[in-house]
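# Structure at a glance
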Amino acid sequence: MLQRRLSATCLTILAGAAILFSLQHAKDIGAPIISALLLGVVLTPLSDLWDRLRVPPALSAFFSVLLAILTILAILLLAEPYVSKVVSQAPLIWEELRTTVDEFKRVLRGLEQISEDVVQAIEPANGVAATEGSVSIPSITDALFLAPQFAAQFLIFTGTLYFFLMSRNEIYDWASRSFHRFGENELRFAGQQVARYVLTITAINAGMGAVVALVMYFLGMPSPILWGLMAFGLNYILYLGPITLVVTLLVTGIVVFDGPISFLPAAIYLSINATESQFVTPTLVGRSLSVNPLTVFLSLVFWLWLWGPIGGIIAIPLLVWCMAAFKRIDDHTISSGTPGRL
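None of the values given here were measured: they were computed from a predicted structure. Counting starts from 1 at the beginning of each chain's written sequence and moves along it residue by residue. Where totals are concerned, whole chains, interfaces and linings use all residues; where local detail is concerned, this predicted model gives features only for residues with pLDDT of at least 70, and gives and counts side-chain atom pairs only at 80 or more. Note that water and hydrogens are dropped before the side-chain values are worked out from all heavy atoms of the structure.

A helix here means a DSSP run of H or I that spans at least four residues, while a strand means a run of E at least two residues long, and both kinds are numbered starting from the N terminus. In terms of regular secondary structure, the chain is built from 14 helices and zero strands. The order of α-helices and β-strands along the chain, N terminus first, is α-α-α-α-α-α-α-α-α-α-α-α-α-α. Burial here depends on accessible area, computed with a 1.4 Å probe over protein chains only, as a share of the maximum for the residue type. Under 20% is buried, over 50% is exposed, and the range in between is partly exposed. A buried classification covers 34% of the 342 residues belonging to the chain. Within the structure as shown, the chain displays about 20,400 Å² of accessible surface, and the carbon and sulfur contribution to it stands at 70%. Per-residue accessibility takes into account occlusion by the displayed protein chains alone, with areas from the Shrake-Rupley method and a 1.4 Å probe.

If you want it as structure tokens, here you go:
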């Protein structure tokens, strides 16, 4: 008996390692597939609406995919002018940062070694002052090189989303006939929970992005709409997303303003984010989707390590889906402890 358990444990470990290895080396295929499946789950309310209207599956899937793609394109087109502006001003921003660091260097004149490290970190290796050419901006050649890979991933994403939406009911029916404890009811319940969570968080993030854009406008920050869009997008990546934006606002504030006001944009955003995460989200999402904060953090770190930014986006919806499905199966709350931001 002991030998059998030991063999089963070893096989489980080897299977887990093989799955992990496969996921890490299949990012170009796995990331768009998992993203499409999660988006298909998020579109559950829309799919149910098409079913109630008796729209044919192929046509309803086409409408849903078209709506999703148009929404993504609209967001990208809205952000593109501001991103292009930031890229075009990158040399100026770099020079401002260099000047700011030089001022800190003079303040820390007594710490010569630290000053030398700062100079080496921001100046070219040959000692020539940074110029506009010191900032590497992607060229047309770089874009053309990445285009085929992006096109392939986009086709995988679109195809997976379309066929999942078209055959969603058949998939649920097959799961119900194939598994005793994990069938149609569990899949539909998990899908509803994920859809509810993502749609609620999207509404919260949109409101937060609007507030951040208005605040940055009144503070005199450049491209306030861009800051609103960044607050909207980065807030999907719990913990690390807001931290990234705080650091970015801190650096930009130092470049744009002088004196203590330089820290104001980051401080105000931090207070807005704290209010959202501690009061708004728990109130609107509710405790039915509460997950232990440690579980949230470890899931986020794992998927970020595995697939980068895409992993950070899908980490929490995937966690919610898994826990909702197993909660339905076991008929009890899996998580315990202080609820996190879910």
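Turning to the packing of helix H9 (residues 184-219) against helix H12 (residues 264-285), a few remarks are in order. If you want to describe how two helices pack, look at the angle between their axes and the distance between the axes. Here the axes come from fitting lines to C-alpha atoms, over the contacting stretch only for helices, and the angles between their N-to-C directions go from 0 to 180 degrees. Contact geometry of H9 with H12 gives a least axis separation of 11 Å together with a crossing angle of 155°. When the axis of H9 is compared with that of H12, the two are roughly antiparallel. Between H9 and H12 lies a crossing whose hand is right-handed. Contacts from Arg 196, Tyr 197, Thr 200, Ile 201, Ile 204, Met 208, Val 211, Val 212, Val 215, Met 216 and Leu 219 of H9 reach H12 at Leu 264, Pro 265, Ile 268, Tyr 269, Ile 272, Asn 273, Glu 276, Val 280, Thr 281, Leu 284 and Val 285. When residues are grouped by polarity, Ala, Val, Leu, Ile, Met, Phe, Trp, Tyr, Cys and Pro land in nonpolar, Asp, Glu, Lys and Arg in charged, and all others, Gly among them, in polar. Looking at side-chain class alone, the contact of H9 with H12 contains 17 nonpolar, three polar and two charged residues. When an angle is under 35 degrees it counts as roughly parallel; over 145 it counts as roughly antiparallel; between 65 and 115 it counts as roughly perpendicular; any other value is oblique. Take the far helix as your reference; a near helix turned counterclockwise from it by less than a right angle gives a left-handed crossing, and one turned clockwise gives a right-handed crossing. Only heavy atoms enter the contact rule, under which two residues are in contact if any of them lie within 4.5 Å.

Here Gly 311 shows up in helix H14 (residues 309-330). You can call Gly 311 buried: its relative accessible area is 0%.

For this analysis, a salt bridge means a side-chain nitrogen from Lys or Arg found within 4 Å of a carboxyl oxygen belonging to Asp or Glu. In total, this model carries two salt bridges according to the counting rule given. One salt bridge connects Asp 48 with Arg 168, and the closest N-O pair in it is separated by 3.4 Å. With a gap of 120 residues between them, Asp 48 in helix H3 (residues 44-52) and Arg 168 in helix H8 (residues 168-178) connect regions that are remote in the sequence. A salt bridge links Asp 51 to Arg 168; the nearest nitrogen and oxygen atoms lie 2.9 Å apart. Of this pair, Asp 51 sits in helix H3 while Arg 168 sits in helix H8, placing them 117 residues apart in sequence.

A few words now on H8. Among all positions in H8, only Arg 168, Tyr 172 and Ala 175 are buried. Burial along H8 is one-sided: seen end-on, the buried residues are contained in an arc of 60°. Taken from the helix axis, the directions to the C-beta atoms give the arc we talk about.

So, about the nonpolar core. Membership of the largest hydrophobic core comes to 40 residues, with the highest contact counts inside it found for Leu 161, Leu 165, Tyr 197, Trp 303 and Ile 316. Elements represented by at least two residues in this core include exactly helix H2 (27-42), H3, helix H4 (57-88), helix H7 (140-166), H8, H9, helix H13 (293-307) and H14. Examining the composition of this core, we find that seven residues originate from one element, H14, more than from any other. Judged by nonpolar contacts, the second largest core, of 13 residues, contains Met 216, Met 221, Val 246 and Tyr 269. Think of a nonpolar core as a cluster: buried Ala, Val, Leu, Ile, Met, Phe, Trp, Tyr and Cys residues, connected wherever their side-chain atoms sit within 4.5 Å.

Further remarks concern the confidence of the model for the chain. Overall, the prediction assigns the chain a mean pLDDT of 77, with 73% of residues at 70 or greater. At the low end of the mean pLDDT range in the chain sits helix H6 (residues 112-122), at 51; at the high end sits helix H10 (residues 224-234), at 89. Note that pLDDT drops below 50 for residues 332-342; the model gives that stretch 38 contacts with residues more than four away or on any other chain. Confidence scores here are pLDDT values: one per residue, from the predictor, ranging 0 to 100.

Distance thresholds for patches are 9 Å for like charges and 5 Å for nonpolar side chains (Val, Leu, Ile, Met, Phe, Trp, Tyr), applied to residues having over 30% relative accessible area and no salt bridge. Residues Tyr 239, Leu 240, Ile 243, Val 247, Val 251, Leu 294, Phe 297, Leu 298 and Val 301 make up a contiguous nonpolar surface patch of roughly 730 Å² in combined accessible area. Among the elements of the structure, helix H11 (240-256) and H13 are those that each provide at least two residues to the nonpolar patch. Tracing the backbone shows Phe 297 in helix H13.

Two numbers describe a pair of aromatic rings. These are the distance of the centres and the angle of the planes. Put simply, two rings from Phe, Tyr or Trp (the six-membered ring, in Trp's case) pair if the centres are within 6.5 Å, and we call them stacked under 30 degrees between planes, edge-to-face over 60, tilted for the rest. Scanning the entire structure with this criterion turns up nine aromatic pairs. Aromatic side chains Tyr 217 and Phe 218 sit 5.4 Å apart centroid to centroid with 75° between the ring planes, which places their arrangement in the edge-to-face category. When the ring of Phe 302 is compared with that of Trp 303, the centres are 5.3 Å apart and the planes differ by 80°; the resulting orientation is edge-to-face. Judged by its relative accessible area of 32%, Phe 302 is partly exposed. Clustering of aromatic rings is evident, with ring pairs tying together Phe 302, Trp 303, Trp 305 and Trp 307.

Our focus in this paragraph is the environment of Phe 297. With a relative accessible area of 36%, Phe 297 lands in the partly exposed category. Spatially, the C-alpha atoms of Phe 297 and Leu 240 are 9.4 Å apart, while their sequence positions differ by 57 residues.

As a further point, take the side chain of Ser 262. Counting through the fold element by element, Ser 262 comes out in the loop between H11 and H12. On the basis of relative accessibility, which here comes to 4%, the residue Ser 262 falls in the buried class. In terms of polar contacts, Ser 262 uses its side chain to reach the backbone carbonyl oxygen of Gly 253, at 3.5 Å. Residues contacting Ser 262, with those up to four places away along its chain left out, are Leu 250, Gly 253, Ile 254 and Phe 257. For the purposes of these results, a polar contact is taken to be a pair of N or O atoms within 3.5 Å, where, inside protein, one atom must be able to donate a hydrogen and its partner to accept one; residues adjacent in sequence count only when each atom of the pair is a side-chain atom.

On to the side chain of Thr 281. Within the secondary structure layout, Thr 281 lies in helix H12. Classification of Thr 281 as buried rests on a relative accessible area of 1%. A polar contact is formed between the side chain of Thr 281 and the side chain of Glu 276, at a distance of 2.5 Å.

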